[in-house]
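Okay, here's what each chain looks like letter by letter:
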Amino acid sequence: MFAAERRQLILEMVRANGAVSLRELARVVQTSEVTVRRDVRALEAEGLLDRRHGGAVLPGGFTRESGFPQKSHLATAEKTAIADLAASFVEEGEAVVVGAGTTTQELARRLARVPGLTVVTNSLLVAQALAHANRVEVVMTGGTLRGSNYALVGSGAEQSLQGLRVSRAFLSGSGLTAERGLSTSNMLSASVDRALVQAAAEVVVLADHTKLGTDTMFQTVPTDVITRLVTDEPPGHDDRAATELQALADQGVQITVAGGAAAATAQGQGSAEGTPAADRRGPRREVPLPGQRRSHSPGTAPQLRSAALAPDPQSGRVADLAPRRR
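Every value quoted in this text rests on a predicted model; they were computed, and no experiment measured them.

Student: Looking at this structure, how should I read the pairing of strand 5 (residues 117–121)?
Tutor: Most of strand 5 sits out of view: four of its five residues are buried. With four bridges connecting them, strand 4 (residues 95–98) and strand 5 associate as parallel partners. Each bridged residue has a counterpart across the sheet, and for V97 the counterpart in strand 5 is V120. As a crossover connection, the stretch from strand 4 through helix 6 (residues 102–111) into strand 5 is right-handed. With five bridges connecting them, strand 5 and strand 6 (residues 136–140) associate as parallel partners. In the sheet register, V119 faces strand 6, and the bridge partner there is V138. For the segment spanning strand 5, helix 7 (residues 124–130) and strand 6, crossover handedness is right-handed.

Structure follows, in structure tokens:
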């Protein structure tokens, strides 16, 4: 196993368990404790975890948020797969909002190819990714720049979103649980994300498996407001992520899992070359909603067209991760 692979696995174990001993890490990655200690030291230097005597723990609990340089190196392959799939749900001529984050930045790079699109965002990184897309209109909020994630926050950002109405919002965050929904470690970021949600008829959360089961300080989107989760396939040893996915499905969140040979086989799909962007779904598993989905609270916009979010009848069978019967 290469060093990068070891360190990615170490991060996933710490995120899944909160704290892991060096002995357990060495056993799982099949190397010596000396090598694992060196890996943990390197990850701590990047701000991705904290060392403790004999092990490693999550960095700072509820009160600390990793900066953009640290986040951009975490689960990069997973974020790419999630962004590829999420972009396929966007249709020509739509208006969407895209929040701040490394996963939404990846999504924005793909949205640059969707003609007639209007993207409203508070993220400088999202705007930069779309800056040279001549068929995409970018609308930025006002607000105060938050340097750690290159996002505009504060009352200026929130006020600029008043009266806005779009088809759907794409959001990321620091953690996602079935109990509290999407959350983040910063109060100002959470407040702007809530304003973005109020502007959208549907809410699509982009979260890799390392965020599943993680609860952070400020709630952004409660579970019953989330229309769809786009995530990646959790590793076989990550029971917490798998449990959280089932719990989210039980509460009516439609779940799409990107990537993985098993998912590709289940969908029975061939190459997507030559197909329109709105028809490309890529390898995925889908969890259909258990009946009619609740819409937003009274006073918000009615549901807009959601054909792009419906399972494609030509794409193969739907996966069997569905709400449990009670």
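After that view, the rundown keeps rolling.
Student: Where do I start with helix 5 (residues 76–87) in this structure?
Tutor: Three- or four-residue spacings in an α-helix give side chains the same orientation, since the helix completes a turn every 3.6 residues. Its twelve residues give helix 5 an end-to-end C-alpha distance of 16 Å, which sits within 8% of 16 Å, the value for a rise of 1.5 Å per residue. Listed in full, the buried residues belonging to helix 5 are E78, K79, I82, A83, L85, A86 and A87.

Student: Could you clarify how one ought to interpret the sheet that holds strand 13 (residues 218–221) in this entry?
Tutor: Within a sheet, each strand pairs with its neighbour through backbone hydrogen bonds, oriented either parallel or antiparallel. Ordered by their spatial adjacency, three strands build an open sheet running 10-11-13, and the pairing between neighbours is antiparallel. Taken across any chain shown, the strands that pair with only one partner, and hence form the sheet edges, are strand 10 (175–177) and strand 13. Recorded for the sheet is a direction-independent mean angle of 40° between the axes of neighbouring strands. Bridge analysis of strand 11 (residues 181–184) against strand 13 gives three bridges, and the strand direction is antiparallel. In the strand pairing of strand 13, S183 is matched with Q219. Across the sheet, helix 9 (residues 187–198) is in contact with strand 11 and strand 13; its angle to strand 13 comes to roughly 20°.

Student: Looking at this structure, how should I read the confidence of the model for the protein?
Tutor: Low pLDDT marks stretches whose predicted atomic positions should not be read closely. Residues of the protein with pLDDT of at least 70 account for 73%, and the chain-wide mean is 77. Below a pLDDT of 50 lies the segment residues 61–73, which in the model reaches 30 contacts outside its immediate sequence neighbourhood of four places, other chains included. Scored below 50 in pLDDT, residues 260–283 shows 31 contacts in the model against residues more than four places distant or in partner chains.

Student: What am I meant to see in the pairing of strand 14 (residues 228–232) here?
Tutor: A regular strand places its side chains so that they alternate between the two faces of the sheet. Across the five residues that make up strand 14, a large majority, five, are buried. Residues R228, V230 and D232 point to one face of strand 14 and L229 and T231 to the other, with burial holding for every one of them. Bridge count for strand 14 against strand 15 (residues 254–258) is five bridges, and the pairing is parallel. Opposite L229, over in strand 15, you have I255 as the bridge partner.

Student: Got a minute to help me understand the environment of S155 in this structure?
Tutor: Here S155 shows up in helix 8 (residues 155–160). In this structure the C-alpha to C-alpha distance between S155 and G142, which are 13 residues apart in sequence, comes to 8.6 Å.

Student: Help me understand the nonpolar core in this model?
Tutor: For soluble globular proteins, the rule of thumb is that nonpolar side chains tend to be buried together. Among the nonpolar cores identified, the biggest contains 27 residues, and L176, V205, L212, V221, L229, L248 and I255 are the most heavily contacted of them. At the level of secondary structure, the elements contributing two or more residues to this core comprise strand 9 (166–171), helix 9, strand 12 (200–206), helix 10 (239–250) and strand 15. Considering every element that reaches this core, the biggest residue donor is helix 10, with four residues. If sequence neighbours within four positions are ignored, L212 has contacts with L176, L229, T231, R240, A241, E244, L245 and L248. Within the second largest apolar cluster, 24 residues are counted, among which are L111, A133, F170 and V230.

Thresholds applied
- Residues numbered from 1 in each chain as written.
- Predicted model: local features only at pLDDT ≥ 70, side-chain atom pairs only at ≥ 80, totals over all residues.
- Heavy atoms only, no water.
- Buried < 20%, exposed > 50% of the residue type's maximum accessible area, 1.4 Å probe, protein only.
- Helix = DSSP H or I, 4+ residues; strand = E, 2+ residues; numbered from the N terminus.
- Pairing = 2+ DSSP bridges.
- Right-handed = clockwise from strand over helix to strand, strands pointing away.
- Expected span 1.5 Å × (residues − 1).
- Axes fitted to C-alpha atoms, helices over the stretch in contact; angles between N-to-C directions.
- Contact = heavy atoms within 4.5 Å.
- pLDDT = per-residue confidence, 0-100.
- Core = buried A, V, L, I, M, F, W, Y, C linked by side-chain atoms within 4.5 Å.

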